[in-house]
Amino acid sequence: MTREELMKLADKYQSKADTDFWKYQETGISRYGSSYRRNGDIAEALMMAANAADEHHAYIFMKVQMADFAQKAQNALHAADTEREALTRSLVHDIVSYGWLMNFIKKD
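Residues numbered from 1 in each chain as written. Predicted model: local features only at pLDDT ≥ 70, side-chain atom pairs only at ≥ 80, totals over all residues. Heavy atoms only, no water.

Undergrad: Sorry, what's going on with the overall build of the protein chain here?
TA: A count of helical and extended segments in the protein chain gives three helices and zero strands. Mapped from its N terminus to its C terminus, the protein chain presents α and β elements in the order α-α-α. Per-residue burial for the protein chain yields a buried fraction of 18% across its 108 residues. Counting only contacts in the protein chain whose residues sit at least 6 apart along the sequence, the fraction spanning at least 24 positions is 47%. Carbon and sulfur atoms make up 58% of the accessible area of the protein chain, which totals about 8,300 Å². Here the protein chain carries 14 positive and 16 negative side-chain charges, and the mean point of each set is 6 Å from the other. (Helix = DSSP H or I, 4+ residues; strand = E, 2+ residues; numbered from the N terminus. Buried < 20%, exposed > 50% of the residue type's maximum accessible area, 1.4 Å probe, protein only. Contact = heavy atoms within 4.5 Å. Areas by Shrake-Rupley, 256 points an atom, 1.4 Å probe, with all protein chains shown as cover. Lys, Arg positive; Asp, Glu negative; His and termini not counted. Charge placed at Lys NZ, Arg CZ, Asp CG, Glu CD.)

Undergrad: What should I look at first to understand the pattern of salt bridges in this one?
TA: Opposite charge on two side chains makes pairing possible when the charged atoms of those side chains draw close. All chains considered together, the criterion is met by five salt bridges. A salt bridge links K72 to D68, with the shortest nitrogen-to-oxygen separation between them at 3.6 Å. Of this pair, K72 and D68 both sit in helix α2 (residues 30-77), four residues apart, which is roughly one turn of that helix. A residue is classified by how much of its surface remains accessible, and K72, at 28% relative accessible area, is partly exposed. (Salt bridge = Lys/Arg side-chain N within 4 Å of Asp/Glu carboxyl O.)

Undergrad: What exactly am I supposed to notice about α2 here?
TA: In an α-helix there are 3.6 residues to a turn, and that puts residues three or four apart on one side. Here α2 contains 48 residues, and its C-alpha end-to-end distance of 69 Å stays within 8% of the 70 Å for a straight helix at 1.5 Å per residue. Of all the residues in α2, the buried ones are Y32, G33, S35, N39, G40, A43, L46, A50, Q65, F69 and A76. Buried-residue contacts for α2 involve α1 (3-27) and α3 (81-101). (Expected span 1.5 Å × (residues − 1).)

Right under this line is the structure:
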């Protein structure tokens, strides 16, 4: 499921929980209290799943970037002396660009 689908489903369960809460407040019937807690827990779990999906995608992106940096670093290590400086500068430039993109560092 996509993040949007998970959030839509979470909103649905949160709405049910809110309705059950008010019914419980008005009537005092315990089934509404149980339903409120159950639906609220489901809504919270769905929101956590949606956030976990975002974090997983960010982790995959970072992992790919690190693999790219490692490959470029290895290429620089095994390059001829005449090419090594240019490859190293390119790697440093890419790392700084990634730092800017992820807001790890500020632009000068």
